[in-house]
Amino acid sequence: MAEHSPRRFTPQAQEALASPVIRQNFRGAMDYLRKARSNAFSDPVEADAVLAKAEAVRRRCLSQLPALLETLEQRCTANGIQVHWAETPAEANAIIRALCQREDAKLVAKGKSMVSEEIGLNKHLAGLGIDCRETDMGEFIVQLDGDRPSHIIMPAIHKNKDEISATFEQHLPDFEATRDVDQLIAAGRQALREKFQAAEVGLTGVNFAVAETGTLCLVENEGNGRMCSTIPRVHIAVTGIEKVVEQLSDIAPLYSALTRSATGQAITTYFNMVSSPRRPGEWDGPEEVHLVLLDNGRSQAFADDELRQTLQCIRCGACMNHCPVYGRIGGHAYGTVYPGPIGKIISPHLLGLDDAGELPTASSLCGACGEVCPVGIPIPALLQRLRVEAKHGASAGHPPLKGQGAKANRLEALAMKGFAWLARHPRCYRAGTWLARRLAPFYPRRLGAWGQCRVTPKPAPKPLSQLLKEQRRV
Amino acid sequence: MDVIRVYPAKPAHVYLYATCLVDLFDPQAGLDAIGLLERQGLAVTVVTGQTCCGQPAYSAGYNDEARAVAQSQMALFPEPWPVVVLSGSCGGMMHHHYRRLFAGDAAVAAFCERVFEFTEFLVQVCRAKLDDKGEPRQVTMHTSCAARREMKVHVTASQLLGQLAQVELVKHGYQEECCGFGGTFAVRHPQISQAMVEDKTRHIVNSGAPELVSADWGCLLNINGALEYQGERLQGRHLASFLLERVGGGHG
């Protein structure tokens with residue numbers, strides 16, 4: 001498989017568009033998820049209230065992010081959770097590697113964590129002879145295939161039952177091909193059971209980290225997150241710094257907004273709250289709990305009032321499920337860990353605008369993402385802002401963004417200046433449209449990129465201004 | 001953006017901002033819109049000198065250029081009359097995004113308050129009552145995304161069609177989904193745009209409605225171009241033209 005990269009967005013998107021299976025798998029999945037979400041928010045008044053509350057919580061918590069992180073560290077430490085800070089993916093990997101090596105770990109059982117994808121943890125540990133095994137069913141399937149997640153909450157959504165059966169046939173002993181979902185899941189669970197028992201270290205993400213109490217919350221449906229955070233001797237939780245919330249009472253509105261937006265569930269099957277390692281007299285739980293807090297460009301997003309809104313994200317995936325672009329090209333085409341609309345606004349902070357600068361243009365700005373975002377992130381407005389940042393150097397009044405101006409294009413800038421000049425000089429503008437009309441008979445039927453599926457638009461013989469003049473109305 | 005808008009009383013005089021696409025591709029829609037507004041008893045002024053709202057520069061990330069264009073357009077409307085815009089996306093640009101381009105500028109904010117999309121204006125300000133004089137007809141409607149999500153015009157456009165006794169509004173599949181135009185998006189990412197417009201036209205054709213209307217010429221440029229390329233006879237037209245024809249004021 002060729003290396004996926006946001007720089008190869010266009011060929012990757014073309015490849016996906018050319019696959020009827022991918023198109024069909026995504027359309028079906030998106031239809032299902034959209035319906036589930038809309039059923040979960042069937043009462044618009046109640047929905048507005050839930051979403052307004054969730055947005056307010058995220059805004060308030062982010063506005064005091066540095067202080068909350070300090071409190072979180074204090075409380076966690078007081079509870080016996082060891083806190084580690086990582087500025088870069090390399091630092092996060094080094095911390096996790098050191099912990100695994102100290103345990104002499106051969107196997108890490110991993111619950112779902114997008115941050116671990118962000119830092120490339122599996123590959124890093126594999127290079128050291130440590131097997132990092134995904135235990136979320138979707139991630140498990142994707143890992144067996146040597147593939148990567150295509151959606152942040154449903155990693156294997158690009159695959160249908162037949163494809164999953166083929167994967168299991170290839171990798172699981174004694175598995176017989178089936179299209180029965182229950183049998184597929186049972187086979188996967190059987191294979192995973194053994195991993196939980198054998199793993200020396202369990203690794204998970206974090207959905208919400210509560211500063212007030214030093215509690216790490218984990219939202220999941222399969223029970224694998226609970227296994228990873230209770231069975232192995234050491235539990236490592238890794239998360240971005242933006243996931244901190246102020247108090248326990250902030251959780252309920254965020255949890256409700258998250259599960260309803262993501263899968264249409266009122267609540268998930270499991271909700272785990274990790275407040276400390278195993279205490280004396282307790283029967284289960286890890287003996288050590290570590291929290292790794294990753295920055296990786298987040299403090300850059302935080303520094304700008306407008307772009308800070310990116311960090312409100314609670315990773316529900318609703319923006320992807322409603323995005324007409326994501327729904328047609330799927331998650332892999334983006335070449336980023338976070339695909340879809342949220343990926344287009346967060347990736348520039350993680351990777352820089354030089355690598356990810358084309359992504360903000362890959363949107364028709366239809367606004368569906370902003371409409372469904374449960375925490376009110378104005379995604380279209382942020383896309384527009386990032387387009388400005390990608391085209392121009394450091395702008396006054398804004399902190400610099402990594403790779404600012406990387407997509408500057410002199411020809412395009414000149415064309416825009418020309419457009420603006422014409423639009424401000426109506427006589428010249430009208431002369432231009434006059435010329436466009438005169439030349440219309442000579443237009444080719446198919447015009448460049450536009451003409452691959454559309455005929456060239458034909459100007460009317462006379463413009464409105466002329467018709468009005470003829471009617472003596474102006 | 002979801003602030004509830006307080007609408008003014010019906011004025012005696014309005015400006016019509018026809019938009020560059022109507023001017024160039026469908027000037028009749030501009031005349032028809034004037035006809036409808038005049039039937040509401042309004043004096044309509046179309047300012048010579050209007051060009052484009054600046055959206056192409058804005059959406060491509062050229063805010064300085066967009067600001068320069070915006071300033072030149074706002075200067076065309078010195079009287080305190082409402083500015084009625086014949087497109088949801090240009091309306092969205094002038095009502096919402098000008099405010100963003102000139103953050104904190106009270107004069108610009110006051111101008112933005114005067115901007116109304118055409119169907120929004122007919123329903124919310126004029127309280128227009130349309131008397132259908134046409135034959136029974138089925139029609140399907142495309143609402144542009146900016147119109148739908150910024151100006152909430154899908155509501156008012158449907159309300160106007162709903163007033164027509166003999167017209168049946170037929171829904172098509174994925175009505176709320178983008179047609180794939182998005183201005184420069186269609187040129188920058190032509191394959192993705194193609195996938196979107198081909199799905200959109202298929203759903204429109206599958207609706208079986210013999211007529212397609214939209215209150216946005218940007219989308220129509222995209223959809224009509226694709227329909228014609230596919231050899232379909234169906235061509236969308238501006239809602240203003242359809243409405244005027246229904247109330248018996250159409251051009252022969």
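Residues numbered from 1 in each chain as written. Chains lettered and ligands numbered in written order. Predicted model: local features only at pLDDT ≥ 70, side-chain atom pairs only at ≥ 80, totals over all residues. Heavy atoms only, no water.

Things to note about the nonpolar core
Step number 1: Judged by nonpolar contacts, the single largest core of 114 residues is most densely connected at Phe208, Leu216, Leu291, Ile329 and Ile377 of chain A together with Ile192 of chain B.
Step number 2: Counting residues per element, this core draws most heavily on helix H3 (residues 44–63) of chain A, which supplies seven residues.
Step number 3: With residues up to four places along the chain from it excluded, the contact list for Leu291 of chain A reads Leu72, Cys76, Ile81, Gln82, Val83, His84, Val206, Leu216, Ala237 and Thr239 of chain A.
Step number 4: If you look at the next biggest cluster of nonpolar residues, it comprises 60 residues, including Val22, Ala147, Trp217 and Leu234 of chain B. (Core = buried A, V, L, I, M, F, W, Y, C linked by side-chain atoms within 4.5 Å. Buried < 20%, exposed > 50% of the residue type's maximum accessible area, 1.4 Å probe, protein only. Helix = DSSP H or I, 4+ residues; strand = E, 2+ residues; numbered from the N terminus. Contact = heavy atoms within 4.5 Å.)

Here we look at the domain arrangement of chain B
All names here are of chain B.
Step number 1: For chain B, the assigned domains are domain 1 (13–125) and domain 2 (137–247).
Step number 2: The gap between the C-alpha centroids of domain 1 and domain 2 is 21 Å.
Step number 3: Note on domain 1 versus domain 2: buried area summed over both sides is about 2,100 Å², and carbon and sulfur give 67% of it.
Step number 4: Where the side of domain 1 that touches domain 2 is concerned, the elements lending two or more residues are helix H1 (20–25), helix H2 (27–39), helix H3 (55–60), helix H5 (88–101) and helix H7 (118–125).
Step number 5: Residue composition of the side of domain 1 that touches domain 2, grouped by class: 12 nonpolar, 13 polar and five charged. (Domains from an automatic or database assignment. Buried area = accessible area lost by both parts, 1.4 Å probe. Nonpolar A, V, L, I, M, F, W, Y, C, P; charged D, E, K, R; others polar.)

Quick look at helix H4 (residues 65–79) of chain A
Every α-helix winds through 3.6 residues per turn, so residues three or four apart in the chain are directed the same way.
Residues and elements named next belong to chain A.
Step number 1: Along its 15 residues, H4 runs 21 Å from first to last C-alpha, staying within 8% of the 21 Å computed at 1.5 Å per residue.
Step number 2: Turning to H4, its buried residues are Leu65, Leu68, Leu69, Leu72 and Cys76. The buried residues of H4 occupy an angular sector of 100° when the element is viewed end-on, so they sit on one face. Exposed side of H4, more than 90 degrees from the buried face: Glu70 and Ala78 are the residues found there.
Step number 3: Buried-residue contacts for H4 involve H3, strand E1 (81–86), strand E5 (208–210), strand E8 (244–245), strand E10 (288–294) and helix H13 (298–302).
Step number 4: The positive-phi residue at the C-terminal boundary of H4 is Gly80, with phi of around 95°. (Expected span 1.5 Å × (residues − 1). Arc of directions from axis to C-beta.)

Re the UniProt feature "domain: Cysteine-rich" (unreviewed entry) in chain B
Residue and element names in this part refer to chain B.
Step number 1: Taking the numbering used here, the UniProt-annotated feature "domain: Cysteine-rich" (unreviewed entry) corresponds to residues 15–94 and 139–223.
Step number 2: Within the segment residues 15–94, helix and strand shares are 55% and 11% respectively, and the terminal C-alpha atoms sit 14 Å apart.
Step number 3: Overall, residues 139–223 shows 51% helix and 12% strand. The separation of its end C-alpha atoms is 15 Å. (UniProt positions renumbered as here; feature names shortened; annotations may be inferred.)

Re the sheet that holds strand E7 (residues 212–214) of chain B
All names here are of chain B.
Step number 1: Strands sit in the order E6-E5-E7-E8 across an open sheet of four strands; the sheet is parallel. Pairing within the sheet leaves two strands with one partner each, and these edge strands are strand E6 (167–169) and strand E8 (236–238). Averaged over all pairs of adjacent strands, the angle between their axes in this sheet comes to 40°, without regard to strand direction.
Step number 2: Sitting on the sheet, helix H12 (residues 217–229) touches strand E5 (137–142), E7 and E8, and the angle it makes with E8 is about 160°. (Pairing = 2+ DSSP bridges. Axes fitted to C-alpha atoms, helices over the stretch in contact; angles between N-to-C directions.)

A closer look at the packing of aromatic side chains
Step number 1: For the structure shown, the criterion picks out 15 aromatic pairs over all chains.
Step number 2: Each member of the aromatic cluster is reached from another via a ring pair, and the members are Tyr15, Tyr17, Phe77, Trp81, Tyr98 and Phe111 of chain B.
Step number 3: We note Arg454 of chain A situated over the ring of Trp450 of chain A; from NZ or CZ to the ring centre the distance is 4.3 Å. (Phe/Tyr/Trp six-rings, centres within 6.5 Å; stacked < 30°, edge-to-face > 60°. Lys NZ or Arg CZ within 6 Å of the ring centre and 35° of its normal.)

Structural notes on the interface of chain A and chain B
Step number 1: Facing the 68 residues of chain A at the interface are 61 residues of chain B.
Step number 2: Summed over both sides, the interface between chain A and chain B buries roughly 5,600 Å², with carbon and sulfur atoms accounting for 60% of that surface.
Step number 3: When the buried area of chain A at its contact with chain B is split by residue, Cys453, Arg454 and Leu464 of chain A rank highest and sum to 11% of it.
Step number 4: At the surface where chain A touches chain B, the tally comes to 10 salt bridges.
Step number 5: Measuring nitrogen to oxygen at the nearest pair gives 2.8 Å for the salt bridge that ties Arg328 of chain A to Asp199 of chain B.
Step number 6: The interface formed by chain A and chain B includes 26 residue pairs in polar contact (both at pLDDT 80 or more).
Step number 7: Of all the secondary structure elements, the ones that give two or more residues to the side of chain A that touches chain B are helix H1 (9–17), helix H2 (20–40), helix H15 (326–329), helix H18 (368–372), helix H19 (379–391), helix H20 (410–424), helix H21 (426–439) and helix H22 (464–470) of chain A.
Step number 8: With nine residues, H20 of chain A is the single largest residue contributor to the side of chain A that touches chain B.
Step number 9: Within the side of chain A that touches chain B, the residues separate by chemical class into 32 nonpolar, 14 polar and 22 charged. (Salt bridge = Lys/Arg side-chain N within 4 Å of Asp/Glu carboxyl O. Polar contact = N/O pair within 3.5 Å; in protein donor to acceptor, adjacent residues only side chain to side chain.)

Section: the sheet that holds strand E6 (residues 215–220) of chain A
Step number 1: The four strands lie next to each other as E8-E5-E6-E9 (chain A), forming an open sheet whose pairing is mixed. With partners counted over all chains shown, the strands left at the sheet margins are E8 and strand E9 (270–274) of chain A, one partner each.

Some thoughts on a nonpolar patch on the surface
Step number 1: Taken together, the side chains of Trp434, Leu435, Leu439, Phe442 and Tyr443 of chain A present a nonpolar region at the surface, about 540 Å² in accessible area.
Step number 2: Within the fold, Leu439 of chain A resides in helix H21. (Patch = residues over 30% accessible without salt bridge, like charges linked within 9 Å, V, L, I, M, F, W, Y side chains within 5 Å. Areas by Shrake-Rupley, 256 points an atom, 1.4 Å probe, with all protein chains shown as cover.)

Focus on the pairing of strand E4 (residues 201–204) of chain A
Across a regular strand the side chains alternate sides, sitting on one face of the sheet and then on the other.
Residue and element names in this part refer to chain A.
Step number 1: Burial of the side chains of E4 extends over both faces: Val201 and Leu203 are buried on one face and Gly202 and Thr204 on the other.
Step number 2: As judged from the three bridges shared by strand E2 (residues 107–110) and E4, these two strands associate in the parallel manner. Across the sheet, residue Ala109 finds its bridge partner in E4, namely Gly202.
Step number 3: In this structure, E4 lies alongside strand E7 (residues 234–240), joined through four bridges in parallel fashion. What sits directly across from Val201, in E7, is Val234.

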